[in-house]
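Residues per chain, in single letters:
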Amino acid sequence: MWAVLWAIVGAVMDFRHWMPRRMRERVAWAVFVGIAIFLAMASDLHWWPQFDLVRTFVFVFGKPTAWLYIGKFQHGGA
Amino acid sequence: MVQISRYQVVLILIWTILGTGIVTMPGTIAQFTVQDSWAAGVGLCIGGFLCATIAAMHVRFFPDKSLIQVAMQAFGWIGGEMFAIWYVIYGVVTLATVGRELSAFVVISVLPNTPEFFISTVAFAVAAYLTYQGIEVVGRVNQFIVPLAAIVAPLLFSLSVRTFEWQPFHPMFSSGWLSIWQASVVPTFAYGLEFSVVLQWVPALRTPRTLPMDIGIASAISAAVLVILVTLTVGVLGEPVRYLTYPVLEVVRSIRQGKFVERLDTLYVMGVVVTQALKLSAFQLSTCEAIKDMCHSKDVKWTVIPCALLIWSVSNFMFHNLFDVTEFILRAVPAYFLFTVVICPAIIYMTAWWRTAREV
């Protein structure tokens, strides 16, 4: 019975296409899922509270963005 | 290969822009100017023009290749892979931002007691399923919501126009051209450059040659809708629009007709959730195609689960609150998008064209 149920679920969910087949795909799959789990743990356990990805992006692209604004600006922060 | 029509391309692009355009753009524009905010909406056309120019270069020389495939041709294996990784990071960060905007909007507007990570889980799962079904299904879902939007949007517009006043717009152009330009930076370089999402789907277009015109049509329609929306928002709410996170939501909440017609914000929230799910699926399609090209794979479906997991995780890790999202969009996204989807592709197309011409 479980085999029949599993076959039905497999047919509906189409598991075979969700899975990577070649080695390169498996490596990419593992890297993506690994980074996702790592970031989820880091977020949940408050690892590196000083590290802020938004600040990093602002540090790298803040100056060119300021050029696009042609000078300093202040926003209301809504 | 499954291909989509011009009509579907235009609709996907319109809903991709308006997905967040009908939520955050009026409030973002009002940070810089209120009385001339309507003029900033035209910035979408500038972004659309930049993307149409890039798309014209793409379909002129490489009508059967995606952006990453052209990058592989231009820079070789190592350079192409490096750009592919950069582009995948861009896709993941954009998806995380849109996902966080969606979950924050749902929490603030209708589900204040539900954890935000749970809402984003549901949103990303829906987008992942749409992506798994493929670009043709995403195109059809975009077609499906057009009649609903054609009924609901004019209804909400006409009902809210009762409290509209012209006074907040006077005197016209008094805020100065610098304020108008600063207000239009986000529509131009953050939202307007999102039209470039289509560059990864070029092999799936039935008529790639018409892509620049399709982007032009989509940007013109999106800009027209945005200008109307911003005008309505400022006309109804006036100066306080500057201090609201979701001014359009407040406009819809202000609708009251007699004793029975009120709280139509439910319709608006449903519309926002649907269009943002479509926006997520459009960007996820593009990102998954990039991952597929990066891995030299033939099938795209295996990329959906890892991509969905990663964007969910990044959206929770990267943005601690809604202020982080606003800060990121205002202070980093314009230059980040300009570099990633305009400057880099322009260099890639010129290099690929030069290498092809030299070989011939």
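Residues numbered from 1 in each chain as written. Chains lettered and ligands numbered in written order. Predicted model: local features only at pLDDT ≥ 70, side-chain atom pairs only at ≥ 80, totals over all residues.

## A short note on the overall build of chain B
Defined as follows: A run of H or I in DSSP counts as a helix once it spans at least four residues, and a run of E counts as a strand once it spans at least two, with each numbered from the N terminus. All radius of gyration figures rest on C-alpha atoms, and the globule criterion is 2.2 Å times the number of residues raised to 0.38. By definition, residue pairs are in contact when their C-beta atoms, positioned from the backbone, come within 7 Å.
Helix and strand counts for chain B stand at 14 helices and two strands. Its C-alpha atoms give chain B a radius of gyration of 20 Å, near enough to 21 Å, the size a compact globule of 360 residues would have. When contacts within chain B are restricted to residue pairs at least 6 apart in sequence, long-range pairs at least 24 apart make up 85% of them.

## Let's talk about the overall build of chain A
Spelled out, the test is: Exposure is read from a count of other C-beta atoms within 10 Å of each residue's own; the residue is exposed at 12 or fewer, buried at 20 or more and partly exposed in between. C-beta atoms are placed from the backbone.
On a plain count of helices and strands, chain A comes out with four helices and zero strands. Out of the 78 residues in chain A, the part that is buried amounts to 15%.

## Details of the packing of helix H7 (residues 135–160) of chain B against helix H11 (residues 265–294) of chain B
Residues and elements named next belong to chain B. The cut-off we apply is this: Note on definitions: angles span 0 to 180 degrees between N-to-C directions of axes, and those axes are lines fitted to C-alpha atoms, for helices only across the stretch in contact. Oblique is the label for any angle not covered by the other classes, which are roughly parallel (under 35 degrees), roughly antiparallel (over 145) and roughly perpendicular (65 to 115). Crossing handedness follows the turn of the near helix against the far one: under a right angle anticlockwise gives a left-handed crossing, and clockwise gives a right-handed one. Any residue that is not Ala, Val, Leu, Ile, Met, Phe, Trp, Tyr, Cys, Pro, Asp, Glu, Lys or Arg is counted as polar, Gly included; the first ten are nonpolar and the last four charged.
Axis separation between H7 and H11 bottoms out at 11 Å; the angle between their running directions is 155°. Judged by the angle between their axes, H7 and H11 are roughly antiparallel. Where H7 crosses over H11, the two elements pack in a sense that is left-handed. Every residue of H11 that contacts H7 at Ile135, Val138, Val141, Asn142, Ile145, Ala149, Val152 and Leu156 is listed here: Leu267, Tyr268, Gly271, Val274, Leu278, Ser281, Ala282 and Leu285. A per-class count over the contact of H7 with H11 returns 13 nonpolar, three polar and no charged.

## Focus: the interface of chain A and chain B
By a widely used convention, the size of an interface equals the accessible area lost when the partners come together. Contacts between chain A and chain B engage 33 residues on the former and 40 residues on the latter. Of all the secondary structure elements, the ones that give two or more residues to the side of chain A that touches chain B are helix H2 (15–18), helix H3 (23–44) and helix H4 (53–68) of chain A. Sorting elements by how many residues they give to the side of chain A that touches chain B places H3 of chain A first, with twelve residues. Partitioning the side of chain A that touches chain B into residue classes produces 23 nonpolar, seven polar and three charged.

## As for the UniProt feature "transmembrane region" (unreviewed entry) in chain A
Put simply, the test is: UniProt positions are given in the numbering used here, feature names are shortened, and annotations may be inferred rather than shown by experiment.
UniProt feature "transmembrane region" (unreviewed entry): in the numbering of this structure it lies at residues 27–47 of chain A. A distance of 26 Å separates the end C-alpha atoms of residues 27–47 of chain A, which is 86% helix and 0% strand.

## Notes on unusual backbone geometry
Across residues other than glycine, the phi torsion is negative in most instances, and most of the peptide bonds are trans. Omega for the peptide link from His170 of chain B to Pro171 of chain B comes to -10°, which places this bond in the cis form. At His46 of chain A, a position not held by glycine, the phi torsion is positive, near 55°. Tracing the backbone shows His46 of chain A in the loop between H3 and H4. The residue Phe173 of chain B is not glycine, and still its phi comes out positive at about 55°. Tracing the sequence through the fold places Phe173 of chain B in the loop between H7 and helix H8 (177–191). Given 13 C-beta atoms within 10 Å, Phe173 of chain B falls into the partly exposed group.

## Comments concerning helix H14 (residues 333–359) of chain B
Formally: Expected helix span is computed as 1.5 Å times (number of residues minus one). The seven residues ending at a residue and the seven starting there each receive a fitted axis; the angle between those axes is the bend at that residue.
Taking 1.5 Å per residue as the helical rise, H14 of chain B with its 27 residues ought to reach 39 Å, and the 38 Å between its terminal C-alpha atoms agrees with that figure. At Phe339 of chain B, H14 of chain B shows its maximal bend, which comes to roughly 35°. Structurally, H14 of chain B contributes buried residues whose contacts are with H4 of chain A together with helix H4 (43–61), helix H5 (67–109), H8 and helix H13 (322–331) of chain B.

## Regarding the environment of Ser158 of chain B
With respect to the secondary-structure elements, Ser158 of chain B resides in helix H7. Sequence separation of Ser158 of chain B and Ile255 of chain B is 97 residues, and the distance between their C-alpha atoms is 9.8 Å.

## Notes on the environment of Phe57 of chain A
Along the chain, Phe57 of chain A falls in helix H4. On the basis of neighbour counts, which here come to 20 C-beta atoms within 10 Å, the residue Phe57 of chain A falls in the buried class. Those residues in contact with Phe57 of chain A that sit more than four places away from it in its chain are Phe328, Ala332 and Tyr336 of chain B.

## Remarks on the nonpolar core
One broad trend across soluble globular proteins is that nonpolar side chains are buried collectively. Worth spelling out the cut-off: Put simply, a nonpolar core is a cluster of buried Ala, Val, Leu, Ile, Met, Phe, Trp, Tyr and Cys residues tied together by C-beta atoms within 7 Å.
Of all hydrophobic cores here, the largest spans 142 residues; its most connected members are Leu13, Ala71, Leu193, Val198, Ile311 and Val314 of chain B. Considering every element that reaches this core, the biggest residue donor is H5 of chain B, with 20 residues.

## Topic: the confidence of the model for chain B
For clarity, the threshold we go by: Residue-level confidence of the predictor, termed pLDDT, takes values from 0 up to 100.
Looking at chain B, the pLDDT average stands at 92 and 100% of residues meet or exceed 70. Quick note on the complex model: pTM equals 0.93, ipTM equals 0.90.

## Remarks on the packing of helix H6 (residues 116–133) of chain B against helix H12 (residues 304–318) of chain B
Residue and element names in this part refer to chain B. The N-to-C vectors of H6 and H12 enclose an angle of 155°; their axes lie 10 Å apart at closest approach. Between H6 and H12, the crossing angle belongs to the class labelled roughly antiparallel. Note that H6 runs across H12; the crossing there is right-handed. Contacts between H6 and H12 involve Phe117, Ser120, Thr121, Phe124, Ala128, Thr131 and Tyr132 from the former and Val304, Ala308, Ile311, Trp312, Ser315 and Asn316 from the latter. Grouping the constituent residues of the contact of H6 with H12 by class yields eight nonpolar, five polar and no charged.

## With respect to H5 of chain B
Under the 1.5 Å per step criterion, the end-to-end length of H5 of chain B is only 38 Å for 43 residues, more than 12% shorter than the ideal 63 Å. Along its length, H5 of chain B reaches its greatest deviation from straightness, about 135°, at Gly76 of chain B.

## Structural notes on the environment of Ser281 of chain B
Residues and elements named next belong to chain B. Summarising the element assignment, Ser281 is placed in helix H11. Residues Ser281 and Ile12, 269 residues apart in the sequence, show an inter-C-alpha distance of 9.9 Å. When near neighbours in sequence (up to four residues on either side) are disregarded, Ser281 contacts Ala127, Leu130, Thr131 and Val138.

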